[in-house]
Amino acid sequence: MPAEFFTYVHGVLHAERVSLEEIAESYGTPCYVYSRAALERRFNAFHQALFGIDHLVCYSVKANSNLAVLDVLARLGSGFDIVSAGELQRVLAAGGKASRTVFSGVGKTAPEIAQALEAGVYCFNVESAAELETIDRVSRAVGKRAPISFRVNPDVDARTHPYIATGLNENKFGVPIEEAPALYRQAAGMEHVEVHGVDCHIGSQQTSLEPFADALDRVLGLVDALEKIGIPIRHLNVGGGLGIRYKDETPPAPAEYIAAIRKRLEERRLKLIVEPGRAVAGNAGALLTRVIYLKSNGEKRFAVTDAAMNDLIRPALYGAWQEVRAVSVIGESAGKRYDIVGPVCESSDFLAKDRILDIEPGSLLAILSAGAYGFVMSSNYNTRPRAAEVMVDGERAHLVRRREQVKDLFALESRMPADG
Ligand code: LLP
């Protein structure tokens, strides 16, 4: 199984020491369940591999931004990678430090930049010349100097799904590496920005080291070129993107990934920043759902569950494969082949296809590897309240986001004026 903290005990799937049957009983379904131990294990794998190097592990908040997840990581000393003022507020609300937070993203607005400056973020990862101008202008108004790095695009193919590859020139992200020296010169001449680092992120769910290594070699070439023209670089941010096992992938372990980077840093005295998201949270969570009906259309069998594409959109959006397990083993039978589908009115509303499962109406299913890009990408499509979220810690379970109620969904709306 891809998720080591989700295991069967006496025929029932548990998260750490808590049975998923009990969680469904107490909190209902659909429900996201996270393992604190899994989060800690994965964060520490990065942190420990970086021993002896000046470093910051900036967990990528977009992967799973629940306050409890951020809290667990902040307590371990995690930094954070954010892409909006909203994520900054979450980090602060969860006890994270702005001074350990880097701000990425192609479309930071002036108010967001001002908020991040006031909070005192560690660095802005700048993605265009226009954004540099805005940061300089806003910093002047706020009376601060903004620490910056450029996110450079090394034109490396991350060989991942096209929607999550970001390191090619055809993608919207970063600045072309050839244009970087001119931009750094411009930044170095600005009064209200301070050049700190070089940043790069080439894509997500990468399962081999090669694209990382290629990108790093190119970026280190840039670091050397900048030093030669009198622009010293203090930190190198290699982004996130390390993949996880969903099915049978064999991604490098965090330690192998860090070792490959460490080798390339050689004698350079650079602080190293990494921004893992999925590699920390992905296998630390599962989506728990109940089968409402079993039905068949001709040859095809469907298990209709109470979770749908609005709860977990990765299968519909990327054709992603996530493991589905019956929470309780009900018999000796191997089961039958089903597509697992939700109640949403779209043919793309599926969570999994062609899975052999021994289930009946009312059975609970766990969709594994759903800790990253699961709840955060969920929506209220079809006026479906979003799922509850539960954090398991040893033998205890904590509700860390209550299930939405329908009235929450239209609380911000109003009818037309009575005289209209
Ligand atoms: N840093 C930057 C600048 C990023 O753009 C991303 C992810 C990360 C770090 C974290 O990447 P990770 O370590 O999680 O691969 N929704 C998609 C993934 C989108 C990733 C976007 N950027 C999915 O469900 O597969």
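It should be emphasised that the depicted structure is a prediction, and the values quoted were computed from it without experimental measurement.

Rules behind the numbers
- Each chain carries its own residue numbering, running from 1 in the direction its sequence is written.
- Side-chain atom pairs in this predicted model are given and counted only at pLDDT of 80 or more, local residue features only at pLDDT of at least 70, and totals for whole chains, interfaces and linings cover all residues.
- No hydrogens and no water enter the side-chain calculation; it runs on all heavy atoms of the structure.
- Cavities and pockets are defined on a 1 Å grid built over the protein atoms alone: a cavity is a set of grid points where a 1.4 Å probe fits but cannot escape, while a pocket is an open set with protein on both sides within 12 Å along at least five of seven lines, and lining residues are those with an atom within 4 Å of any such point.
- Grid points are joined across faces, edges and corners, and a volume is the space filled by probe spheres set on the points.
- Helix and strand definitions follow DSSP, with helices as H or I runs of at least four residues and strands as E runs of at least two, each counted in order from the N terminus.
- Residue type decides the class: Asp, Glu, Lys and Arg count as charged, Ala, Val, Leu, Ile, Met, Phe, Trp, Tyr, Cys and Pro as nonpolar, and the leftover types, Gly among them, as polar.
- Domain start and end points were adopted from an automatic or database domain assignment.
- The contact criterion used is simple: two residues touch if any of their non-hydrogen atoms lie within 4.5 Å.
- By convention, the term buried area covers the 1.4 Å-probe accessible surface removed from two parts as they join, with the contributions of both added.
- The term salt bridge refers to a pairing of a side-chain nitrogen on Lys or Arg with a carboxyl oxygen on Asp or Glu at a separation within 4 Å.
- Two N or O atoms count as a polar contact when they lie within 3.5 Å, although within protein this holds only if one can serve as hydrogen donor and the other as acceptor, and sequence-adjacent residues are included solely when both atoms are side-chain atoms.

Peer 1: Where do I start with empty space enclosed by the protein in this structure?
Peer 2: Picture a little ball the size of a water molecule; that probe, rolled over the atoms, points out where space is still empty. Applying the stated criterion across every chain, the model contains two cavities of 30 Å³ or more. Surrounding the largest cavity, C200, I202, L209, F212, A213, A215, L216, V238, Y257, A260, I261 and R264 form its lining. Looking at the lining of the largest cavity, the elements that each hand over two or more residues are α8 (210–228) and α9 (254–265). The residue makeup of the lining of the largest cavity, split by class, is eleven nonpolar, no polar and one charged. Taken as a whole, the second largest cavity holds about 30 Å³ of empty space. A38, L39, R42, I244, R278, A279, V280, N283 and A284 together form the lining of the second largest cavity. When grouped by side-chain class, the residues that make up the lining of the second largest cavity number six nonpolar, one polar and two charged.

Peer 1: I keep staring at the domain arrangement of the chain and nothing clicks. Help me out?
Peer 2: For the chain, the assigned domains are domain 1 (6–34 + 282–409) and domain 2 (36–280). Between the C-alpha centres of domain 1 and domain 2 there is a distance of 32 Å. On the domain 2 side, the residues contacting the 23 residues of domain 1 number 22 residues. Buried area between domain 1 and domain 2, both sides added, is near 1,900 Å², and the carbon and sulfur share of it is 57%. Among the residues domain 1 hides against domain 2, the three largest losses belong to Y318, W321 and Y373. Together they make up 28% of the total. Inspection of the region where domain 1 meets domain 2 yields one salt bridge. One salt bridge connects R36 with D393, and the closest N-O pair in it is separated by 3.1 Å. One can count eleven residue pairs in polar contact (both at pLDDT 80 or more) joining domain 1 with domain 2. Secondary structure elements with two or more residues in the side of domain 1 that touches domain 2: α11 (314–318), β20 (388–393) and β21 (396–401). Sorting elements by how many residues they give to the side of domain 1 that touches domain 2 places β20 first, with four residues.

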